[in-house]
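As a plain string of letters, each chain reads:
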Amino acid sequence: MSRWTAIRCRRLPVSFRLDRRVPPVLLALGGIALALTVLSLGTGQYPVPPGEVVRTLLGGGSREYDFVIRTLRLPRALVAFLVGLALAMAGAILQAITRNPLASPDVTGLSAGAGLGAVAVMVFLPDAPWSALTPAALAGGLAAGGLTYWLGWKGGSHPLRLVLVGIGIAAAAQALTNTVMATTQSLRVGEALVWLTGSVYGRSWQHLRPMLPWLGVGVPAALLMARHLDVLHLDEDLARGLGSRVEWHRGMLFLIAVTLGSAAVAAAGTLGFVGLMAPHIARRLVGPAHGGLLPTAGMVGGLMVLAADLIGRTLLAPIEVPAGVVTAAVGAPYFLYLLFRNR
Amino acid sequence: MYALFRSRPGLGLLAGLGLLVLAFGISLASGLQAIPIGTVLEALTAFDGSPAHLVVRSIRLPRTLIAMAVGGCLGVAGTLTQALTRNPLAAPGTLGINAGATLAVAAGLYLLGTPSLHTLAWLAFLGAAAAAGAVYALANLGRGGVTPLRLTLAGAAMAGFLTALTQGVLVASERTLDEIRLWLAGSVAGRDPEVLRGLLPYMLVGLALALGLGRPLNALSLGEEVARGLGQRTGWVKAAGAAAVVLLAGSAVAAAGPIGFLGLAVPHLSRWIVGPDYRWVLPYSGVLGAILLILADVGARLIIRPGEAPVGVVTALLGVPFFIALARREVGRR
């Protein structure tokens, strides 16, 4: 029996094939995500038993449960999941187009650039609505990511050179962010600092909503272009020989990755290492074909941030450790492991 | 000029000291309120308590002295790191040594309340030593031993990890956050002159140790086997060098926070001026580091007037292009 199932549509000129491993893995991950969400919604200073959480979500809980769950905790959990999903998909795309297993939104400086854009808006335009952060983050992410890619290019893209240049660009963006924060004495600096660490603390529906259109465009576009990722992941000449418009596809996919990564940064700050780890875990689960890898990586990423937030809230309660600290504490050793594995 | 310094390195060092005095004067004279150089000299020789004299003596003099000491330490520490690892991308900042010291100091402030300066200094040394040891051990993992590239990447990952932990400590304690926010970005402003007085002994021991290593490092730069063949006990040289790096980087961090990219750029500039002889590269790096950090601090005062940027921001903005150019050159040859 083949590993693949071909799916063809009689009416439309569309067909694609799916790795048989993908649907069960996605279902299992979805189940875990739901269970974790229920657990996360019930945990906090005001604990709610899981049964009540489910009843409240379905619209049948008491009034105070309704307020705690649906107004306070649900948007936070959704933001955590979606941010992880966006970062992980951006990471998977970047790893494929740079053919670099170490690429990710933070390693390429994209997150730091997006953070700079968002902090600049926070500090210089204190009255701007939350939704203004996303375009600013997008501009910053595009500039930093583009600069890294351009400077890392030298007659071809070299994986480690790209990482080193990305480290430099991230440091420069971080320095500019510090400068921006030093220009003001306002209270928002403390807020911006916590936000920069990567945190879903106090996220409400007004933070979730501005993220949705960007993800609504970015995620389907990424899934539609997944097969181009498979080709680009091969050798450059081979991809061209297979009829891929390499530069065009790479540019489009880069733009999609920046959109997803920046939307995530605008919503929750720079959550380190999620975009790096999730694609690798997903590759272990469903193999390297991007049609299945992208959604799986997205689910894994969402689960990671959800879990990191839950751990951060319960580890040292009542102190909240930002989710970004948790992901970095787990992710940096994983990065080292990737770096030194069989090389 | 450059051939002259290579054949007569002592002359170049004298010129460097002259430039250092000049930079010192510029630093005392400039800021939000520019003070003419004559008044600056009067403030130093015939203090009369006027506002301009007070600004020079109680604000600008201490910060310039700290910038000078920290810059010198970082320049020498960077040179030692590059010589010991034979890695052009190595520096206390890029290898995570600064980040280790920073985490130890932040944790100390959080757990111990208000520890004494000496406790903080020893915490910084401990953090720096632990980070350096961990990075070196990590880079040794896997096949093929330590390559420059792997050491740098291991250091970057280590720095990211330690910085995240530092942020965790800061968020856990709001008080620590307010106290050390400026210090964390790397700053020489508003430091108590006592800080420098307390740390100076450690810095001097580190500098003396480093300057004594010039000749053995020359042998080591030919390669470990050659050095051993020449009769050198390379293990001792490396241990002494590592101890000096820990003392210098640790006290620099304790005084001014993690200032990045200075330790990376200075050794390259000194080697470019005076050639590869470490007996001269080390003192040149000290003088050059001091000049550059003083000037960077002047820049930090002027770029976002009337506010003031942390000096670590200026060194990062100037150092990053340097780092990227080096990365492109080093990893370009495949």
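Everything quoted here is computed from the prediction, not taken from an experiment.

Colleague: Outline the overall build of chain A, listing residues and values.
Modeller: From N to C terminus, chain A includes 15 helices and 2 strands. Expressed as lengths along the three principal axes of its C-alpha atoms, the size of chain A is roughly 60 × 55 × 40 Å. Here chain A holds 343 residues, and 57% of them are scored as buried. At a minimum sequence separation of 6, the contacts of chain A that also span at least 24 residues come to 72%. Summing over all exposed atoms, chain A offers an accessible surface of approximately 14,600 Å²; the carbon and sulfur share of this is 67%. On chain A, the mean spot of the 27 positive side-chain charges and the mean spot of the 14 negative ones are 8 Å from each other.

Colleague: Mind laying out the nonpolar core, listing which residues take part and the relevant values?
Modeller: Val-83, Ile-93 and Leu-260 of chain A together with Val-70, Leu-80 and Leu-217 of chain B are the most contacted members of the largest nonpolar core, which totals 203 residues. Looking at this core element by element, the count peaks at 20 residues for helix α3 (residues 63–97) of chain A. Once residues within four sequence positions are removed from consideration, Val-70 of chain B is found in contact with Met-203, Ala-252, Ala-255, Ala-256, Ile-259 and Leu-293 of chain B. Within the second largest apolar cluster, 19 residues are counted, among which are Leu-116, Ala-118, Val-121 and Ala-192 of chain A.

Colleague: Residues and numbers for unusual backbone geometry, please.
Modeller: All names here are of chain B. If you check the backbone angles, Arg-86 has positive phi at about 45 degrees while not being a glycine. Relative to the helices and strands, Arg-86 resides in the loop between α4 (51–85) and α5 (97–112). For Phe-261, which is not a glycine, the phi torsion comes out positive at approximately 70 degrees. Relative to the helices and strands, Phe-261 resides in the loop between α12 (234–256) and α13 (262–274).

Colleague: Tell me about the packing of helix α1 (residues 22–42) of chain A against helix α2 (residues 50–57) of chain A, and name the residues and values.
Modeller: Residue and element names in this part refer to chain A. It is the contact of α1 with α2, at a shortest axis distance of 9 Å, that shows an interaxial angle of 100 degrees. By the criterion of interaxial angle, the relationship of α1 to α2 is roughly perpendicular. Contact with α1, carried on its side by Val-38, Leu-41 and Gly-42, involves Pro-50, Val-53, Val-54 and Leu-57 of α2 and no other residues of that element. Its residues placed into classes, the contact of α1 with α2 shows 6 nonpolar, 1 polar and no charged.

Basis of the calculations
- Residues numbered from 1 in each chain as written.
- Chains lettered and ligands numbered in written order.
- Predicted model: local features only at pLDDT ≥ 70, side-chain atom pairs only at ≥ 80, totals over all residues.
- Heavy atoms only, no water.
- Helix = DSSP H or I, 4+ residues; strand = E, 2+ residues; numbered from the N terminus.
- Buried < 20%, exposed > 50% of the residue type's maximum accessible area, 1.4 Å probe, protein only.
- Contact = heavy atoms within 4.5 Å.
- Areas by Shrake-Rupley, 256 points an atom, 1.4 Å probe, with all protein chains shown as cover.
- Lys, Arg positive; Asp, Glu negative; His and termini not counted.
- Charge placed at Lys NZ, Arg CZ, Asp CG, Glu CD.
- Core = buried A, V, L, I, M, F, W, Y, C linked by side-chain atoms within 4.5 Å.
- Axes fitted to C-alpha atoms, helices over the stretch in contact; angles between N-to-C directions.
- Parallel < 35°, antiparallel > 145°, perpendicular 65-115°, else oblique.
- Nonpolar A, V, L, I, M, F, W, Y, C, P; charged D, E, K, R; others polar.

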